[in-house]
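# Examination of the molecular architecture
Below, each chain spelled out in residue letters.
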Amino acid sequence: MDGPSETEPLLRPPQVQRTNDIPVEGHSSVQDESDNNKIDHVPDAKKQIGLASAVMLIFNRVIGTGVFAAPSIILRSSGSVGMTFVMWILGALVASAGTAVYVEFGTGLPRSGGEKTYMEYIYRRPRFMITCFYAIYVLLIGWLSATSIVFGEYTLNALEIQPTTVNVRVAGFLCSTFCLAAHGAFLNYGLKLQNILGFFKLFVLLIIAVSGLFSLVGVPGFAVRDEYDIPHNFRWSSFWEGSIIGPNAFVTGMYNVIWSYIGYSNANYALSEVRDPVRTIRRAAPLAMILVTISYLFVNIAYFAVVSKQDMLGGGTIAAALFFRNIFGPAAERHCCCTVVALSILGNLMSVLFTQGRVVQELGREGVLPLSSFFASNKPFNTPLSGLFTQWLVSMIIMAAAPPGDAYLFIVNFLSYPLTMFNMLISGGLLLLYTPAFKSYEWCPPFRAWKSVVIFFFLSNVFLAVVPMIPPSPGSDVYEHLPYWFHVAVALSVGVLGIAYWFVFFDWIPRKRGYHIVQESVLQDDGVSRNVLRRIPNRSDDEGRA
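The rules behind the values
Residues numbered from 1 in each chain as written. Predicted model: local features only at pLDDT ≥ 70, side-chain atom pairs only at ≥ 80, totals over all residues. Heavy atoms only, no water. Helix = DSSP H or I, 4+ residues; strand = E, 2+ residues; numbered from the N terminus. Rg over C-alpha atoms; globule rule 2.2 N^0.38 Å. Buried < 20%, exposed > 50% of the residue type's maximum accessible area, 1.4 Å probe, protein only. Contact = heavy atoms within 4.5 Å. Areas by Shrake-Rupley, 256 points an atom, 1.4 Å probe, with all protein chains shown as cover. Lys, Arg positive; Asp, Glu negative; His and termini not counted. Charge placed at Lys NZ, Arg CZ, Asp CG, Glu CD. Disulfide = S-S within 2.5 Å. Phe/Tyr/Trp six-rings, centres within 6.5 Å; stacked < 30°, edge-to-face > 60°. Core = buried A, V, L, I, M, F, W, Y, C linked by side-chain atoms within 4.5 Å. Polar contact = N/O pair within 3.5 Å; in protein donor to acceptor, adjacent residues only side chain to side chain. Patch = residues over 30% accessible without salt bridge, like charges linked within 9 Å, V, L, I, M, F, W, Y side chains within 5 Å. Salt bridge = Lys/Arg side-chain N within 4 Å of Asp/Glu carboxyl O. Axes fitted to C-alpha atoms, helices over the stretch in contact; angles between N-to-C directions. Parallel < 35°, antiparallel > 145°, perpendicular 65-115°, else oblique. Left-handed = near helix turned anticlockwise from the far one by under 90°. Nonpolar A, V, L, I, M, F, W, Y, C, P; charged D, E, K, R; others polar. Pairing = 2+ DSSP bridges.

The helix and strand tally for the protein stands at 20 helices and three strands. For 546 residues, the compact-globule formula gives about 24 Å, and the C-alpha radius of gyration of the protein, at 25 Å, lands near that figure. Along the first, second and third principal axes, the C-alpha atoms of the protein reach 95 × 45 × 45 Å. Per-residue burial over the protein gives 55% buried out of 546 residues. In the protein, 79% of the contacts between residues at least 6 apart in sequence involve partners at least 24 apart. When the accessible area of the protein is evaluated, it comes to approximately 23200 Å², of which 65% is carbon and sulfur surface. Computed over 38 positive and 36 negative side-chain charges, the inter-centroid distance for the protein is 3 Å.

Encoded structure:
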């Protein structure tokens, strides 16, 4: 046979070989929590991520600009303060369901890769196709591009420099390059800085929440300044005033809320470097999302305690800026707010690059990419520098090439759609693993999400996948010149490109030249395993009868 039987758990460690007489390693169970490191050949010395770092990987990924800017956007869709909180709570439920799904997969398959690892386990045939499908997205999506631009805008505003197309991108380039250097050459220092930024972000959100509550109960020194409108958002008569119950507005608001919670899967991309990964992911992911949910709800209370509904709907200024202005004055609005948001984005960029660089490395370890040994390498700084550099390079090219306007909006929307597709595939696949037809997969992770929770998460991603295909209401056009569905079409086309790559190199050419492909696992010099592909000539009919 040219591969493992479909009745075998996919991620049992294969026979590992090395040319310099390293002993062959044996099989071990995936589900043994005390022995779960055997699912992946990564030496314990490389496991740098503990509970706090795992929590901050998720917290930094989720909390970027959304907590500062999204409340105004959600209020426009909901029409009232009350409906805004309803949407935030519903979004938290979706995020909780997603967290449960990823924790189940993380405990059952505790190795890096995230969706790549889980889809390979579920969708085993045709062999290599799902890996190629996923790989093309990872290599072509520059996760840092749009966020780097936003960092540049806030940084220049904090420095009182007029933002332009060029200087914004220069600032974004410098920020992303700093992240690459920190994680590519100084792993421990990069992780520490990432954690510091996460705790700083949490501290700032705590200050905002407490200041808002103090203003709400009338503590001296926290009153809204006389020159600004006094809000009355929490009076029952005004709490629900203006609620929009139309399906179009509700769908738009929920779409934005759900995306504000995205990032609960971030630690799953780096599980091979997590100490005691099963135990850690079971604690880190729920803890991080509890912190996120509490932050969102209490910061929204603070905003509405200090900023009037009319100001929030006025447009042109983010909710956090209005909050700082109303309590601490215009100087705080200009300097403190922009600085805080810029540092929040820096933490977000560092967490995204840290994990996505490891996803590229996992694809290299799978052996399906050209130059796989390059992508799988940990040289020269004992970090996945090749994967980090790949993500950085693609992101910087996209950032430099995309002008403001429709092109930038397209990038933002295009980045989000593939994640929806992957979430649909893994949550739908998890439901399949529960069925008798997949009993041979022996899926028995240490943590199991409720089936109803998995169904809820699957349906929420169907919702996210379908909404962009619905024509927007008049005056709510997604783009100025492009069709509203353009990013969906391009995202799907990229997936077709990945399948075409698989068909040519893993199906058509092998059949034409009379060979089949097998994977063998070898150890690199640093003790980390990776797969290599071998071309095995097909036996002729005469040889088979002999």
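It is worth spelling out the state of the cysteines at this point. Taken as a whole and assessed by the stated rule, the structure comprises zero disulfides. Take Cys338: it sits in no disulfide, and the sulfur closest to it among the cysteines is that of Cys337, at 5.6 Å. When its relative accessible area of 11% is taken as the criterion, Cys338 is described as buried.

Looking now at the packing of aromatic side chains. Inspection of the entire model under this criterion finds 36 aromatic pairs. When the centroid spacing of 6.1 Å and the interplanar angle of 70 degrees are considered together, the rings of Tyr501 and Phe506 count as edge-to-face. The exposure class assigned to Tyr501 is partly exposed, which follows from its relative accessible area of 24%. A relative accessible area of 13% means that Phe506 is categorised as buried. Among the aromatic residues, those joined into a ring-pair cluster are Tyr102, Phe105, Tyr118, Tyr121, Tyr264, Phe438, Tyr441, Trp443 and Phe457.

Once that is clear, we can look at the nonpolar core. Grouped together as the largest cluster of nonpolar side chains are 156 residues, with contacts concentrated most on Phe68, Phe105, Ile208, Tyr261, Tyr303, Phe323 and Leu433. Among the elements that make up this core, the one with the highest residue count is helix α14 (residues 330-366) (16 residues). Residues within four places of Phe105 in sequence aside, it is in contact with Tyr118, Ile122, Ile426, Leu430, Leu433 and Trp443.

On the secondary structure map, Ser148 appears in helix α6 (residues 145-158). Separated by 2.6 Å, the side chains of Ser148 and Ser176 make a polar contact. Beyond its immediate stretch of four places on either side in the chain, Ser148 contacts Gly172, Ser176, Leu349, Met396 and Met399.

The grouping of Phe203, Leu206, Ile207, Val210, Leu213, Phe214, Leu216, Val217, Phe234, Ile290, Ile294 and Phe298 at the surface amounts to a nonpolar patch, some 1000 Å² of accessible area in total. For the nonpolar patch, the leading source of residues is helix α8 (residues 187-217), giving eight residues. Positionally, Phe214 belongs in helix α8. Overall, the relative accessible area of 33% leaves Phe214 in the partly exposed class.

Moving on: helix α2 (residues 66-78). Across the 13 residues that make up α2, a large majority, ten, are buried. Those residues of α2 not exposed but buried are Gly66, Val67, Phe68, Ala70, Pro71, Ser72, Ile74, Leu75, Ser77 and Ser78. Backbone geometry just downstream of α2 places Gly79 in the positive-phi region, at approximately 85 degrees.

Looking now at the side chain of Ser295. Assignment of secondary structure puts Ser295 in helix α11 (residues 277-306). Ser295 gets classed as buried once you look at its relative accessible area, which sits at 8%. A polar contact is formed between the side chain of Ser295 and the backbone oxygen of Leu291, at a distance of 2.7 Å. Residues in contact with Ser295, not counting those within four places in the same chain, are Phe59, Leu202 and Leu205.

Time to look at the environment of Thr177. By the element assignment, Thr177 lies in helix α7 (residues 165-185). Of the residues examined, Thr177 reaches a relative accessible area of 27% and is grouped as partly exposed. In this structure the side chain of Thr177 is engaged in a polar contact, spanning 2.7 Å, whose partner is the backbone oxygen of Phe173. One polar contact links Thr177 to Trp392, side chain to side chain, over a distance of 3.3 Å.

So, on to the packing of α2 against helix α3 (residues 81-108). At their nearest, the axes of α2 and α3 sit 8 Å apart, and the two run at 115 degrees to each other. Here α2 lies roughly perpendicular to α3, going by the angle between them. Helix-helix and strand crossings are classified by hand; for α2 and α3 the assignment is right-handed. Judged by residue contacts, Ala70, Pro71, Ile74, Leu75 and Ser78 of α2 engage Val81, Met83, Thr84, Met87 and Trp88 from α3. Looking at side-chain class alone, the contact of α2 with α3 contains eight nonpolar, two polar and no charged residues.

We now examine the pattern of salt bridges. Per the stated rule, a full pass over the model turns up ten salt bridges. Linking Lys116 and Glu120 is a salt bridge whose minimum nitrogen-to-oxygen distance equals 3.0 Å. Here the residue Lys116 and the residue Glu120 both occupy positions in helix α4 (residues 115-122), the gap between them amounting to four residues, near one helical turn. Both residues of the pair, Lys116 and Glu120, count as buried. Across the pair Arg358 and Glu273 runs a salt bridge whose closest N-O atoms are separated by 2.7 Å. On the criterion of sequence distance, the pair formed by Arg358 in helix α14 and Glu273 in the loop between α10 (247-260) and α11 is long-range, its members being 85 residues apart.

This part is about the pairing of strand β2 (residues 515-523). Where β2 and strand β3 (residues 529-537) come together, nine bridges link them in antiparallel fashion. Following the sheet pairing, Val522 is matched in β3 by Arg530. Joining the antiparallel neighbours β2 and β3 is a turn of five residues, in which Gly527 adopts a positive phi near 90 degrees.

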